[in-house]
Amino acid sequence: MTYRGRLAPTPTGDMHLGHARTFHAAWRRAREAHGQIVLRIEDLDHLRCRPEYTTQMLADFAWLGLDWDEGPYYQSQRREVFLDAWRTLRDAGVIYPSTVSRKEVRDAAHAPHEDEEDADPIFPVALRTPPGAERAHDAPDGVTWRFRVPDGRAVTFTDVRCGARSFTAGVDFGDFVVWRRDGVPAYELAVVADDVAMGITEVVRGEDLLKSTARQLLVYEALGATPPRWCHEPLVRDADGRRLAKRHAPLSLQQLRAQGMSPAEVLGGGAA
Ligand code: GLU
């Protein structure tokens, strides 16, 4: 099978050092495998994404020497792909409409450990919509949709870099959002629907998304699709062990460039 990888930036700000190294890892793995690379702009969040960030990102890719074979595709123009996935999940009875507000979830939820990379509060089982309610909906809009996770089930996978991983549904993560109330498909649905539609065989991304991989495996299963291989790259941290992305002022590529750093120095590994 031909290797198909992707670069999937979200244009919500300037590209920083951590992103650049992860994108470079994705690009390198595809090139080493003599595979193809798809560029997909994940611009579904119309409040946070801006066209000028996309333009800057494309310029940053060019400066870094990262190229691609297909795209750019824009998720904002691919609603049909996501609606198809939504319909399949609805027909399978694994998602449900929910009117529980985010505040209600926060108040009732058992919060995961604060130090976790992905500390989304766990949706309380008692607040689930009873099965069957999804059948009354022909379209997802106007209400939040969540995936009913199989409580207590271990979701396991073997990551190219991180090895064997296991997350327990209902414990490590709860019912997650697949479609937002404002009509925007949520990340966990959009990324899987697109990776399936684009025939992606390996996903290379940051380690902060390991837990999302467990959620996404449940979506693959419900869609009847074969998951790709996973390769989660270590995150770039500063001298104090903080993720660069979470620093007050992450090092943007533009800043580093202005300081005279070369692409090779930016991508050159080691701590920042
Ligand atoms: N668009 C996501 C991000 O920039 C990447 C998602 C993924 O690789 O699955 O963080």
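Residues numbered from 1 in each chain as written. Predicted model: local features only at pLDDT ≥ 70, side-chain atom pairs only at ≥ 80, totals over all residues. Heavy atoms only, no water.

## Some words on the site of the ligand
Residues in contact with the ligand, as listed here, are Arg6, Ala8, Thr10, Glu42, Tyr187, Val191 and Arg205. Within the side chain of Glu42, an N or O atom sits 2.6 Å from a nitrogen atom of the ligand. (Near = heavy atom within 4 Å. Polar contact = N/O pair within 3.5 Å; in protein donor to acceptor, adjacent residues only side chain to side chain.)

## Regarding helix α1 (residues 17–32)
Here α1 contains 16 residues, and its C-alpha end-to-end distance of 22 Å stays within 8% of the 22 Å for a straight helix at 1.5 Å per residue. His34 lies just past α1 and shows a positive phi near 55 degrees. (Helix = DSSP H or I, 4+ residues; strand = E, 2+ residues; numbered from the N terminus. Expected span 1.5 Å × (residues − 1).)

## Details of the sheet that holds strand β2 (residues 36–41)
Strand-to-strand pairing in sheets goes through backbone hydrogen bonds, with the strands running parallel or antiparallel. Across the sheet, three strands lie side by side as β1-β2-β3; this open sheet has parallel pairing. With partners counted over all chains shown, the strands left at the sheet margins are β1 (4–7) and β3 (70–74), one partner each. For this sheet, the mean inter-axis angle between neighbouring strands, taken without regard to orientation, is 25 degrees. Looking at chain direction, β1 and β2 are connected through four bridges and run parallel. Residue pairing for β2: Arg6 is matched across the bridge by Val38. Across the sheet, helix α2 (residues 51–64) lies against β1, β2 and β3, angled at about 155 degrees from β2, the strand it touches most. (Pairing = 2+ DSSP bridges. Axes fitted to C-alpha atoms, helices over the stretch in contact; angles between N-to-C directions. Contact = heavy atoms within 4.5 Å.)

## Remarks on the side chain of Asp194
Within the secondary structure, Asp194 is located in helix α5 (residues 187–197). Excluding residues within four positions of it along the chain, Asp194 makes contact with Arg40, Gln75, Arg78, Val81 and Phe82.

## Some points on the packing of aromatic side chains
On inspection of all chains with the given rule, the structure shows seven aromatic pairs. Centroid distance Trp86 to Trp145: 5.1 Å. Interplanar angle 90 degrees. Geometry classified as edge-to-face. Highlighted residues: Trp86 in helix α3 (residues 79–92) and Trp145 in strand β5 (residues 144–147), separated in sequence by 59 residues. One exposure class covers both Trp86 and Trp145, and it is buried. Taking 6.1 Å as the distance between ring centres and 80 degrees as the angle between the ring planes, the aromatic pair formed by Tyr220 and Trp230 counts as edge-to-face. Note that Tyr220 is positioned in helix α6 (residues 210–223) and Trp230 in strand β10 (residues 229–233), a separation of ten residues in sequence. A relative accessible area of 2% places Tyr220 in the buried class. Directly above the aromatic system of Tyr73 lies the positively charged group of Arg78, at a separation of 5.4 Å from the ring centroid. (Phe/Tyr/Trp six-rings, centres within 6.5 Å; stacked < 30°, edge-to-face > 60°. Buried < 20%, exposed > 50% of the residue type's maximum accessible area, 1.4 Å probe, protein only. Lys NZ or Arg CZ within 6 Å of the ring centre and 35° of its normal.)

## Things to note about unusual backbone geometry
In this structure, the amide linkage connecting Gly71 to the following residue, Pro72, adopts the cis form with an omega of 5 degrees. Mapping Pro72 onto the fold places it in strand β3. One non-glycine residue, His34, adopts positive backbone phi at about 55 degrees. Tracing the backbone shows His34 in the loop between α1 and β2. Owing to a relative accessible area of 72%, His34 belongs among the exposed residues under this scheme.

## Re the pattern of salt bridges
In total, this model carries 25 salt bridges according to the counting rule given. Arg78 serves as the salt-bridge partner of Asp194, at 2.7 Å between the closest nitrogen and oxygen. Separated by 116 residues along the polypeptide, Asp194 in helix α5 and Arg78 in the loop between β3 and α3 bring together distant segments of the chain. Take Asp194: its relative accessible area is 0%, and that puts it in the buried class. Linking Arg79 and Asp141 is a salt bridge whose minimum nitrogen-to-oxygen distance equals 3.0 Å. Here Arg79, found in helix α3, pairs with Asp141, found in the loop between α4 (102–108) and β5; they are 62 residues apart in sequence, far enough to count as distant. One salt-bridge network, in which partners are shared between bridges, spans Arg6, Arg40, Glu42, Arg78, Asp194 and Asp195. (Salt bridge = Lys/Arg side-chain N within 4 Å of Asp/Glu carboxyl O.)

## Some remarks on the state of the cysteines
Evaluated as defined, the whole model comprises zero disulfides. Summary of cysteine pairing: Cys231 is not part of a disulfide, and the nearest cysteine sulfur, belonging to Cys162, is at 7.6 Å. Look at Cys231 and you get buried, because its relative accessible area is 0%. (Disulfide = S-S within 2.5 Å.)

## Some remarks on the side chain of Arg40
Counting through the fold element by element, Arg40 comes out in strand β2. Under the relative-accessibility criterion, Arg40 is labelled buried at 0%. Here the side chain of Arg40 touches Glu42 through a polar contact of 2.9 Å, side chain to side chain. Within the local environment of Arg40, its side chain forms a polar contact with the side chain of Asp195, the two groups lying 2.8 Å apart. Leaving out residues up to four positions away in the same chain, Arg40 has contacts with Arg6, Leu7, Ala8, Pro9, Tyr73, Gln75, Val191, Asp194, Asp195 and Met198.

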